[in-house]
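Close look at the chain arrangement
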Amino acid sequence: MKTNLPLALSQGDPAGIGPEIALKAWSRREETGIAPFVYLGDPRILQTRAAMLELDVPVQVCAPEAACDTFHAALPVFAIDAATPVAPGKPDPATAAGTIAAIETGVKLTQRGKTAALVTNPIAKSVLYSSGFGFPGHTEFLAELARRETGTQYRPVMMLACPALRVVPVTIHIPLSDVPAALDQALIIETIRITARDLAERFAIKAPRLAVAGLNPHAGEQGTIGREDEEIVRPALDTLRAEGIDVVGPLPADTMFHASARARYDAAICMYHDQALIPVKTLGFEQGVNATLGLPFVRTSPDHGTAFDIAERGIADPRSLEEALKLAAVLSGGKQDR
Ligand SMILES: NC(=O)C1=CN([C@@H]2O[C@H](COP(=O)(O)OP(=O)(O)OC[C@H]3O[C@@H](n4cnc5c(N)ncnc54)[C@H](O)[C@@H]3O)[C@@H](O)[C@H]2O)C=CC1
Ligand SMILES: NCC(=O)COP(=O)(O)O
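Reference entry: report on the structure contained in this document. (Residues numbered from 1 in each chain as written. Chains lettered and ligands numbered in written order. Predicted model: local features only at pLDDT ≥ 70, side-chain atom pairs only at ≥ 80, totals over all residues.)

This brings us to the site of ligand 1. Neighbouring residues of ligand 1: 19 residues in total, closest Pro122, Ala124, His304, Gly305 and Asp317. Its residues placed into classes, the shell around ligand 1 shows 8 nonpolar, 8 polar and 3 charged. (Near = placed C-beta within 6 Å. Nonpolar A, V, L, I, M, F, W, Y, C, P; charged D, E, K, R; others polar.)

Cis geometry marks the peptide bond from Gly249 to Pro250; its omega dihedral reads -5 degrees. By the secondary structure assignment, Pro250 is in strand 9 (residues 246-251). The phi angle at Glu54 is positive, at roughly 55 degrees, despite the residue not being glycine. With respect to the helices, strands and loops of the structure, Glu54 is situated in the loop between helix 3 (43-52) and strand 3 (59-61). Positive phi, close to 55 degrees, is recorded for Ala204, a residue that is not glycine. The residue Ala204 is located in the loop between helix 9 (185-201) and strand 8 (209-213) in this model. (Helix = DSSP H or I, 4+ residues; strand = E, 2+ residues; numbered from the N terminus.)

What follows covers the site of ligand 2. Close to ligand 2 lie Gly137, His138, Thr139, Leu277, Asn290 and Ser301. Classifying every residue of the shell around ligand 2 gives 1 nonpolar, 5 polar and no charged.

What follows concerns the environment of Ala236. Along the chain, Ala236 turns up in helix 10 (residues 228-242). Residue classification places Ala236 among the buried residues on the basis of 24 C-beta atoms within 10 Å. Expressed as a C-alpha distance, the spacing of Ala236 and Ile189, which sit 47 residues apart in the sequence, is 5.9 Å. Those residues within four positions of Ala236 in sequence are excluded, and the remaining contacts are Gln185, Ile188 and Ile189. (Buried ≥ 20, exposed ≤ 12 C-beta atoms within 10 Å, placed from the backbone. Contact = placed C-beta atoms within 7 Å.)

Right, dumping it as structure tokens:
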């Protein structure tokens, strides 16, 4: 990790478990060895949640420059006023502005060299959509924020990783019924090129081996169960192979994720959200990390969502956030272990 720079941790939806897992990650900092982070959000929400859940965590408002020195004694917070009361488990569109401001601040701090990388706590997409947020999720919003900072267009790619598996969904947060029409050769080729490049450059996998799932059952069974795998996926993979990318497929998705199949590739490229996220969350929900490829800075996140159903109960598991913090620290230092 860039020395002496803290990680930035955005608050996420304050009615979810983000505040709780941040408090717990700080409490467990010595046993887990996580790098120092500065929380971007409203300190009053953290303090109230700590009191409610009986977590003994001192909170210290400070500048990012002071976060590393503060971290051993208190949870450092770069204050962003929520401007509205928050009830755990009760999402409220009135909190959207603060949630978005925390993400924007995290990108600015990281792009301007004040923080080493950005780790995002979960947001509830529907809450942000209802307040007019125009992006499907962090992934696309972060690319836009990077463009605003640098003037360059970035094409972000979502990757989720746990110790047993890395997956990349080609289409992300769109209705399943829209997936076939959204898939084209250019989208598949661009997604795989960025994945291959970032696995090599950021994850130190010299020649990444990529396995690509077909869209249809049995990868279309030679075009007899849907035409997309023969007409879109296969020619896209031919183009990538001609460029020297090590890619196999389209493979039947149902037999890609057992242990001996996983041993044959470094990442699985999937055609839609659940084809990718079901296996990775099944194999490693507690250790899963979401990392955005294709950005000019490192961004990671826990693999789970806001978990409103347990936000009042004090039972949220901080391990996925801790893994996200660890991976962000490693990636921003140029080597990785995932
Ligand atoms: N990176 C992000 O910002 C993400 C945001 N979301 C958002 O989260 C919201 C809720 O999504 P769901 O599909 O319900 O998924 P979820 O991950 O929030 O919850 C699914 C189930 O897992 C449990 N769970 C999740 N994280 C946990 C943890 N750390 N410890 C213990 N139990 C945990 C929850 O209590 C719930 O029963 C949605 O609005 C979605 O948009 C979902 C995934 C990622
Ligand atoms: N299902 C993954 C997810 O919702 C994360 O999306 P993003 O906010 O990281 O784009």
